[in-house]
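If you want the building blocks of each chain, they are given just below.
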Amino acid sequence: PATEKGGMRSSWQGKAGRSPLQALYESDQFEQSSLQAVHQQRRELLSNVCNRYTRKRRLLQPDDLRHLVVDDTHGLLYCYVPKVACTNWKRVMMVLTGQGKYRDPLDIPANEAHISSNLRTLSEYSIPEINHRLRSYLKFIFVREPFERLVSAYRNKFTRSYNTAFHKRYGTKIIRRHRQEPSDKALERGDDVRFEEFVYYLLDPRTQREEPFNEHWERVHSLCHPCIVHYDVVGKYETLAEDANYILQLVGADTSVKFPSSSKTTRTTDDMTAQFFQDISPFYQRRLFNLYKMDYLLFNYSIPSYLRIR
């Protein structure tokens, strides 16, 4: 139900107070599995951390729901997080919602998967429609070790020559503010931002005063609001294939729909992330960890062993 202020409740109880997931488990379609227990633990941990750290539950605004992709055919809501297999998930959602227009997710070009008109988000619906979907659809999210995701975003947006839009939009500003005596060429092109400068930019109080973080380095809890929206499934990048198959099985997707297996050899790993942090002082490591701390807590990631903040 909408609240008196016109915001949205995030009730996820279906008939007789059951969640969509409980209803599925109680049906004959789904056999009990160890994977089910894993997801139960993730939900419980998330709920416990939310209860411990969020004092006041605020109401959802339509603007909070721009990352929630809707599949009305299968009753599915997916909150996409950049740098956590979101291109492949958007491809899969296009197959699921495409009425047979698409058969194989990998046939869909990556740039087409990111065209906003190809998928509907929850923010485009009316408040009664939003409430109905939050209550009765299966809601899922995929997360990743926060610093690994951050380094992945940095590598993709600042070290690839083709990302000129990011270099102009963010790189030039970062260099102007955080590099001593930058060259005219660096100020103009913004294409050689060092990771250390990127960290200074993230920690600079001016950055978030001027505008919200870009979605590629915004915290997951700020993109997907997991303490207000009660996700049925928290998938992890580290267990991507099995979690993806689990979700497709839960919603009764056609067995021909397969989540694409990753063949990327360039993907950011824990060892690679550690190398990027070698040159960051313990002082800045701690401040950066504090910035992303909520994501570490909510999704049960431990403090990386390479950090010198103990």
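Looking at an unreviewed UniProt entry, one finds the chain named Carbohydrate sulfotransferase and attributed to Zapornia atra. Quoted verbatim from the Subcellular location (unreviewed entry) heading of the UniProt record, the comment on the chain is "Golgi apparatus membrane". In UniProt, the chain has this text filed under Sequence similarities (unreviewed entry): "Belongs to the sulfotransferase 2 family."

J.: When you look at the overall build of the chain in this model, what are you seeing that I'm missing?
T.: The helix and strand inventory of the chain stands at 14 helices and 4 strands. Every one of the 310 residues in the chain was classed for burial, and the buried ones make up 51%. Of the contacts formed within the chain by residues at least 6 apart in sequence, a portion of 71% connects residues at least 24 apart.

J.: What am I meant to see in the state of the cysteines here?
T.: Counted by the stated rule, this structure contains 2 disulfides. Note that Cys 50 is cross-linked by a disulfide to Cys 227, the S-S spacing being 2.0 Å. Looking down the S-S bond of the Cys 50 and Cys 227 bridge, the torsion is -85°, so its handedness is left-handed. Within this pair, whereas Cys 50 is found in helix 2 (residues 34-53), its partner Cys 227 is found in the loop between helix 11 (220-224) and strand 4 (233-236), the two being separated by 177 residues in sequence. Classification of Cys 227 by relative accessible area gives buried; the value is 10%. When the cysteines engaged in disulfides are numbered in sequence order, the chain pairs them as 1-4, 2-3.

J.: Which parts of the structure should I look at to understand unusual backbone geometry?
T.: Glycine aside, the phi torsion of most residues is negative, and most peptide linkages are trans. Phi angles above zero are rare outside glycine, and Gln 99 is one such case at about 50°. Mapped onto the elements, Gln 99 comes out in the loop between helix 3 (86-97) and helix 4 (110-113). In this structure, His 225 is a non-glycine residue whose phi angle is positive, near 50°. Topologically, His 225 is positioned in the loop between helix 11 and strand 4.

J.: How should the nonpolar core be read in this particular structure?
T.: When a protein is soluble and globular, its nonpolar side chains tend to lie buried together. Core analysis: the largest hydrophobic core is formed by 91 residues, its most contacted members being Trp 89, Phe 147, Phe 198, Leu 202, Trp 217, Leu 288 and Tyr 292. With residues up to four places along the chain from it excluded, the contact list for Tyr 292 reads Pro 146, Phe 147, Leu 150, Leu 202, Phe 213, Trp 217 and Arg 219.

J.: Just to check I follow, could you spell out helix 12 (residues 240-250) for this structure?
T.: Quick reminder: α-helices carry 3.6 residues per turn. Residues three or four places apart thus point the same way. Within the sequence span of helix 12, burial applies to Leu 240, Asp 243, Ala 244, Tyr 246, Ile 247, Leu 248 and Leu 250. Positive backbone phi, at 70°, marks Gly 252, one or two positions downstream of helix 12.

About the cut-offs
- Residues numbered from 1 in each chain as written.
- Predicted model: local features only at pLDDT ≥ 70, side-chain atom pairs only at ≥ 80, totals over all residues.
- Heavy atoms only, no water.
- UniProt positions renumbered as here; feature names shortened; annotations may be inferred.
- Helix = DSSP H or I, 4+ residues; strand = E, 2+ residues; numbered from the N terminus.
- Buried < 20%, exposed > 50% of the residue type's maximum accessible area, 1.4 Å probe, protein only.
- Contact = heavy atoms within 4.5 Å.
- Disulfide = S-S within 2.5 Å.
- Core = buried A, V, L, I, M, F, W, Y, C linked by side-chain atoms within 4.5 Å.

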